[in-house]
Structure formats: structure tokens, C-alpha cells
Amino acid sequence: MPSQAIPMTLTQTLTMGLIQILAVLIAVFIMVPLLTFAERKVIGYMQVRLGATRLAGGHVGITGPMNRAMWAMGKVPMLSLLRGLPIFIADALKLITKEDIIPAKADRGVFTLAPIISVMAAFGVFAAVAYFPGTLFVFPKGFPIVGGLPFQGFITDVNVGLLFILGLASVGVYGIVLGAWASNSKYPLLGSLRSAAQIISYEVPLTLSLLVPVLLSGSLNFKDMAVALATGQGLSPLAIIPLFIGFFIYLTCGFAETNRVPFDLAEAETELVAGFHTEYSGMKFGFFYLAEYANMIVVSALATAFFLGGHFLLPFGLQRFVPASAPFIGQPSFLFFFLKVCLILFAFLWVRATLPRYRYDQLMDVGWKWLIPLTLVNLFVAALIRFAF
Amino acid sequence: MFKNEEMEINLGPQHPSTHGVLRVKLRLDGETVVSCKPVIGYLHRGVEKICENKSYFQGQVWTDRMDYVASISNNLGWAEGVEKLFGIEVPRRAKYIRTLLTEQNRLASHLLWLATHALDIGAMTVFLYAFREREYLLDLFESFCGARLTTTAFRIGGLREDLPPGFIKQAQVFQDRFLDCVDEYETLLTENRIWKKRTIGVARLNAEDCIALGVTGPVLRAAGVPYDIRKAFPYAAYGEMAFEVPTRTEADTYARYLVRLAEMRQSHRIIQQCLEGLPEGPVMAKIPKILKSEVNEVYHPIEAPKGELGYYFVGEKGGTMPYRMHVRAPSFVNLQALPKMVEGRLLADVIAAIGTLDVVLGEIDR
Amino acid sequence: MGFLKTLLPGDIAAGLALTGKYFGRVFFSANRKKIRTQLKHFTQEYPEVKVRLAPRYRGRLTMLKDEQGEIKCVCCLACEKICPTQVISIEKGKKEGRKMPFPVRYDFEMERCIFCEFCVESCGFDSIILNHQFELAGYNREDFSLGLEGTSQNMFTASPVGHHSVAEDEKR
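Basis of the calculations
- Starting from 1, residues in each chain are numbered consecutively following that chain's sequence as written.
- Labels follow written order: the first chain is A, the first ligand is 1, and so on.
- Local features in a predicted model are, by the rule used here, given only for residues with pLDDT of at least 70; side-chain atom pairs are given and counted only at 80 or more, and totals for whole chains, interfaces and linings are based on all residues.
- Secondary structure is summarised from DSSP: a helix means a run of H or I of at least four residues, a strand means a run of E of at least two, and numbering begins at the N terminus for each.
- Any residue with 12 or fewer other C-beta atoms within 10 Å of its own C-beta is exposed, any with 20 or more is buried, and the rest are partly exposed; the C-beta atoms used are placed from the backbone.
- Should DSSP find at least two bridges between two strands, the strands are taken to pair.
- Each axis is a line fitted through C-alpha atoms, and for a helix only the stretch in contact is used; angles between axes span 0 to 180 degrees, taken between their N-to-C directions.
- Contact between two residues is assigned when their C-beta atoms, built from the backbone, lie within 7 Å.
- Between 65 and 115 degrees an angle is taken as roughly perpendicular, under 35 as roughly parallel, over 145 as roughly antiparallel, and anywhere else as oblique.
- Handedness of a crossing is defined here by the sense of rotation of the near helix relative to the far one, left-handed for an anticlockwise turn of less than a right angle and right-handed for a clockwise turn.
- Note on residue categories: nonpolar means Ala, Val, Leu, Ile, Met, Phe, Trp, Tyr, Cys or Pro, charged means Asp, Glu, Lys or Arg, and polar means any other residue, Gly included.

1. Observations regarding the overall build of chain C
Next up, step 1: When helices and strands are counted, chain C shows five helices and five strands.
Next up, step 2: Secondary structure elements in chain C, listed N-terminal to C-terminal, are α-α-β-α-β-β-α-β-β-α.
Next up, step 3: Across the 172 residues that make up chain C, the buried fraction comes to 25%.

Now the structure itself:
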């Protein structure tokens, strides 16, 4: 795809880059708090309760009189689906303004560095993720500096994008391990050891399961892979089998990578109090929090791009059966990508509301005895399909 | 340069899953528990001593505050113990209502156990589903005696008041939907592979160890000993009820989970019989305004949700207060099985073991 | 067979189906404009929706007056004696034009009260009840000392300590 068709000056390149980075950052900074709100609501509904309703849904404040009037009429307040929505602002404000405590015996430098590593690794990954394989829109001609330039659906077009993503994602665990070690406390230490072991075990099947799309598409470039897998050009129809199995394996490993239930051993609230971030407070804790949710978004984006057909409508390469000339459903759209990401994020919350937590040794057991052999078999099947059919 | 070092860690008294203020001193080798020592007493109020300075009527309010999730069972133990001491015969209707409420309280207690146990192991939704049913039961308790948790439900010689109007209808509504709710918990847990992995073979305690340590209740029955005081030494109206004592032989956490679920179904059955066969008549026996005891001693055991709950009274001549009162609290006795259950196992199993013992610290520390 | 069962997560799917079912049910019912009589969720939206208390609910101790506006209490001290935590103390006195003894002082220390209703039960003259007030939080220790009329808080009216709750704010 010739994306570099328009020649750019250095200033233009830099400005364009900055704009794109900022766009993604702002999007993530909005997505993460919304995700925490969604988590409260979704899990609340699943547990036959309402979740957060008190902000903008209670007695006091700006919406107070309206709500009171509606209650008096025997009705649920208007916008009741969004009651409690401002809690995501409140959450952020709380994290920012809270006292930042560093334990006396902690290693101050590393203690401060750890959340930064975590959050940088989580955000760095977004550099290579493509939300849309082409131009989203073109800046109008009269625009200063960037006039007439296209706004791409990705920040950079790394030709080994997947490697970059996997490499950077595994840096994130350093944040957890270092932070826990620097806290000089016992529960975080246990949490960090669990986390390290978990990452080592689950990095392998995660990478192996991602090798299936790599093998089938014959590329490491995020954009090219997404397009090739979605449209299924040059692929046997049988490719749906390894992709389908690979999707579930990838999702399982993704849950483990992001420390989510049922693999949330590193924080395991009921066992290790708060695991690796027991001693963290304020915005340092907020960074870990941010990193976890940003990682969730990355895992969802990857699953969407490689398995669920990315910005096309149908998953697993089924898009080939839709004529490319069809309006809307035949065309790539950012909307499809976004909806699929939301769907997988919903699955994250859904699983959290349903499943218990694995034990430390059982986690290893599942990783090494089940997932790795399964991914190897799956990879073999994929190779067979790629070269035999 | 490298050396192995054991780590000592305090699980509690402020910890999300020690069910109160239990402190467990653990020596860990990595994640493996080398030794485990429960430290108790953070909630000690001296209930036994207080009760020695209160009249037989007054003492009951302290029993509410021992096992606060099964306060009606505690009320029953106190009331029946005192009645035994004074030879008071309770009217039959009162006995039935006592049985009814005690069984509903057993359900409430088991629901709370299920909720917290599942939450400890990570299944957070069972918590809310179980609390939903428990809420209904607490509302029933409120309509009967005016309080949800610290009930003070019974009086020496019977009941203070009869069931409120509409109680039986409300209880029947609960009866009709409860079994479906149990099925819901089972859908989320019984066959779930993670739940099975976390519970099967964990915190095993065989029948001999159970008996040697004095462990009673579902923990004992999950080891294959069908000892249930409701059957062995019937009290209240249990002699007239048809029910089974569920047992398992695996003696692990999963078996205890299944035993308690089966017990919930049996309790449901007993409640149904109480509701249907509720006899007419007075609910209060004629008793003197002031109870004056002879030199006498009485031990009255009942089957509380957690195990054998015994009230021991020593009366002195002409005394209006017990000379000595002692409670055999099931949680207290069961807790001593904890080290036996978890030593040599992993840290996460300690959490499962505390959950499966179903301890309530109000009762342990008294 | 067992191998296949491990590979196919039917058990997990069953659990997900159950939570999903409840999600759908609450999602589509909770946000209707009209409050349904049969709620699909179990959240009680207190204080907007008032809590339903059982008639026998045991709240704060309240004294009663008869039709003539006379305090019913005749200082038999039964409540003081039965009270397990000794929160009631009564001072006997005389009042002109009244044959029965009259409580000069009736102190009720709510901070220690355990709401067991033994006092009401022991009262042979129905002169005290436990009302349905449950919002009893206060900022000062003095807020929990109640007495007869003329003292800072009296036992004939609802306790002002409940004023710190949102429900009371609305009333004012």
C-alpha cells in the first residue's frame, strides 16, 4: 500500500507524527476510564445490581433536582443508563490528587521508575498497532503545516510490527517485578514472583498462537497481516480452523498477559491483598492501573486485527465471501474495528464476573501442559494448510 | 552468595480473606507453607464472663454477637440450654417455629459461607447471587423479630410473639425459588474446571484427624462421619422432621462444598415440613418472672451451621445468673484443624482452607 | 473422553451463559423510565426510594404519652433492670396532680444500646417503644445521650442525629 506517496518536509513529518501520537494517546486516555466505568456497570448488571449510580444519579449536585423530581414521580431518572458516568472523572481525580506514599524502606528510585516502565511499555505498543490500514481523512489544504496531508490509521508502519509489539509488551512485566521488589514488602514480592513466572510461561503460547496469522499471511507487518487475514486472499478456506482455535488460545494467553481473571495471580486480591501494587498509592498506582487497561485494549486490538477480521465485517477470513463491491459491509471501516475491540473488552469483563482464579502451580500447569502443546499442534495445522492446500 | 531463606508472613488480622480479624502466622518457603499458626483474640469481649453477671434472660443478647451470621442458632442454643437447666417444657408450636427459623438461619449462614468462599477463590458473582437470597431471609428475620443480624429471636420458655401475618406466605415464596437459586450457584461452580482444580484434594482432613481435633459439622461429614446432632440427639422439633444427613468421603474442600450444598437442600426440606405442619397453640410456656436455679449443671449441644455448638451452664443455689457459662464454639474448635490442613501446601490453599472451615471470628474470640 | 472434555470448555460456557443471561435481563429492565414493580435487580436505591421496614423493626427507644399528654412512665424501673447493657437510668420523682410516680430524669445512652427490645417487653405500662428510626449516626458523643423534654435531645421526637443522612437533608 503506497502510503508515502506525498513528499513531506521534515517539519511536516514531525508534526504529523506528533498529531497522530497525540490522537492515539488521547483516545487511550479516554478509553481507559470509560473502560473502568464499563467494568463497574457490566459486572454490576451481571451480578443483578446496578453498579455505579451515585454520581449524576443521586440526590445532590447539578443533576440532583432533576433526579429527585423523577424519583418523586415514581420514575427512574433520565439517562439512567449513564448514571454514574462522571465517576470516571472522579476516579482519575482521586488518583491524581491522592497522597503519594513511598514506604520508608523502599528503594525510592526503582519504586518511582517501575510504574513508568509499565505505562511506557503499555503505551509504546500502540505505535505499531494499525486501527485502519489506510488514510482515515485528509487535512484540508488551508491547514497550517499539515495541509493536504493524510491522517493515517496508524502511527508508524513498522515492517516487523508484530515483533515490536511482542517485545515491548513483555517489557511491561519489568515494571511489575521491579516495583514489587522495590516496595521491600512481602506481599508484593510474592506477587512479583508469580507475575514473572506467569509471563515466562504465557509469553510462549501467546507468541506461538500469533505465529499462526504470521504463517498464514506471510508477513510481520501489522497492516499487511490484518488485510491479508481479513480478506483471506491467497488463503485456503480451511485456514479458518487454525485461526479459530488460535483465537481462543490467544485470548486465553491475553488474559494471562494482562493479569486479568482467571489469571490475576499477581494481584490476587483475596490472597496477596493487592499483590504487586500493595505499597503503591496515588498516581503511581494509577500508572499501573492505566497500564493494565491499556494492555487490555492492545490485546483486544491484536485479537481483532489478526483473528476477527480487523476493520472488515466478518472474522476469520470469511470476508472473502462478501463481495468487495458491496456497500458498507464489503468495505473496510474503522467502526467494525472499534466494535470488535469493544466486544473483546466486554469478554474481559464477562469472564471476570464469572470465573474463579487459578492457583499459581495450576496456572503453570495449564500454560505448559495444555496451551503450549495445543498451540504447537495448531501451528502445525496452519503450516499444513498454508503449504498443502 | 545465594541461600534459601524462609519468609514469615502475617496473613491478617487485616486481610481481605481472613473473614474478620483472624491472624495466621505463616512461614513460607517460596509459596509453600512450612508452618501455620492461627493467632486469635482480636475480637475478644469476654462473653462467657459477661454472661456470668447477667440473668438468664439477659444473657441471650450476647449469643447474637458470637456467631453473628447464625445468631438464631446461637439464640436457640442458649434458650434450650436454660430451659434444660430449669426443666421448662416449650409449647409445640414454639418448637416448630424455632426449628423453622433455625433452619432458615442455617441457609443464611451457608449462603454467606458460599458467598465468601467463592469470593476468596475468585468467583465474585456467586457472592452477589448468594447475598440476594440471604437478603430475602434477613428480611424474613426482620419481620419476625425486628432485627436482621442480631436477632435475639427466642425467649426462655418459647417465643415472644407468634409469627407475623404474612410470614408463612413470604417464606413460601422463598421456598419456591430457592432450589433454582442453588442450581445457579452450581452452574457457576460445581462443574467449573477452575473451581474443581482449586478445591479437589485441597485442605484434606480425614475422619480420624477430624475426630482427634474435635472438628464437627460439615467438615466432619465431608470426611464420611454421619454425625449430626439434629439426628443423634434431636432437639426442638427435629425429631419429627424427615431429612437426611449428607456425607461425602473425599474429605477435601470440594467435598465440603458439596456437603454444604446438599445441606442447604435438606434445610429447604425441613423448612417446607415446618411450614406445612405448623401446629396451632400457644407459643410461650408459663415461666416465673425470676428464674432461680438449684445447684445443677447442663450441657446442651445443637447443630449450628458450623458444627456442634454447645452451651454449658452451671447453676448455683438460688442464683439468678449462671455460676459458670461456657460455649463450645464450633468455629473455635474447627480452626485448630487449619495447620493440619495447609502445612506443606501452597499459600493460595490457606485461603481456600480458611474459607472451607467457615470460621466466624466473633465466635472464636467470643 | 476426558481429554476432549478438557479441550471444550462447556463448563465455562455454562457459567458465562448464566452471567450473560442476568446481564441482559438487568440491562434491558433497569433503565426503563418507569420503575417496575417486579425489579430485575436487587439494588435498593436508598435514599431516593425509601426502605421498607417491617412493623416489628427495632429502632431507637422512644417514650410515649397518653391522651392527656402525660408521660406514661410510672418509674417501675423494670426497663432499667432488664437492660443488658444498662443504658437506661431513671430518677423517681413526684409531680403535682399525679398519683403515680413521675420520672424526673430518664437517661438513655444510645451509644451502648444494642436494640434488643427487652425494655419494651418488660414494660407493663406500654410507655416506651422502639421506633423505626435507623439513621442514628452522629458526630458527637453528646448526640447519643437522650433524656426527657428540656434536655438537649428528648425521647419523644425523632432523633436529630439522623439529620446527617441524605434523606433528612431532602426533607429540610
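2. Some details on the sheet that holds strand 6 (residues 296–304) of chain B
All names here are of chain B.
Next up, step 1: The strand order across the open sheet built from three strands is 6-7-8, with neighbouring strands paired in antiparallel fashion. Strands at the two margins of the open sheet, each flanked by one partner only, are strand 6 and strand 8 (324–328). Averaged over all neighbouring strand pairs, the angle between strand axes comes to 10°, with direction disregarded.
Next up, step 2: Pairing of strand 6 with strand 7 (residues 307–315), which is carried by nine bridges, proceeds in the antiparallel orientation. For Glu-297, the partnering residue across the bridge sits in strand 7 and is Val-314.
Next up, step 3: Sheet strands touched by helix 3 (residues 71–86): strand 6 and strand 7. Its angle to strand 6, the strand with the most contacts, is close to 150°.

3. Observations concerning the packing of helix 5 (residues 161–183) of chain A against helix 10 (residues 282–306) of chain A
The angle between the axes and the distance between the axes are what describe a pair of packed helices.
All names here are of chain A.
Next up, step 1: Remark: helix 5 packs on helix 10, axes separated minimally by 12 Å, with the N-to-C direction vectors making an angle of 160°. Taken together, the axis directions place helix 5 and helix 10 in an arrangement best described as roughly antiparallel. Note that helix 5 runs across helix 10; the crossing there is left-handed. Within the contact between the two elements, helix 5 uses Ile-165, Ala-169, Gly-172 and Gly-175 and helix 10 uses Ala-291, Asn-295, Val-298 and Leu-302.
Next up, step 2: Within the contact of helix 5 with helix 10, the residues separate by chemical class into five nonpolar, three polar and no charged.

4. Topic: the pairing of strand 7 of chain B
Residues and elements named next belong to chain B.
Next up, step 1: With seven of its nine residues buried, strand 7 lies for the most part within the structure.
Next up, step 2: Counting the residues between successive antiparallel strands, the hairpin from strand 6 to strand 7 contains two residues.
Next up, step 3: Pairing of strand 7 with strand 8 involves five bridges; the strand directions are antiparallel. Opposite Gly-310, over in strand 8, you have Arg-328 as the bridge partner.

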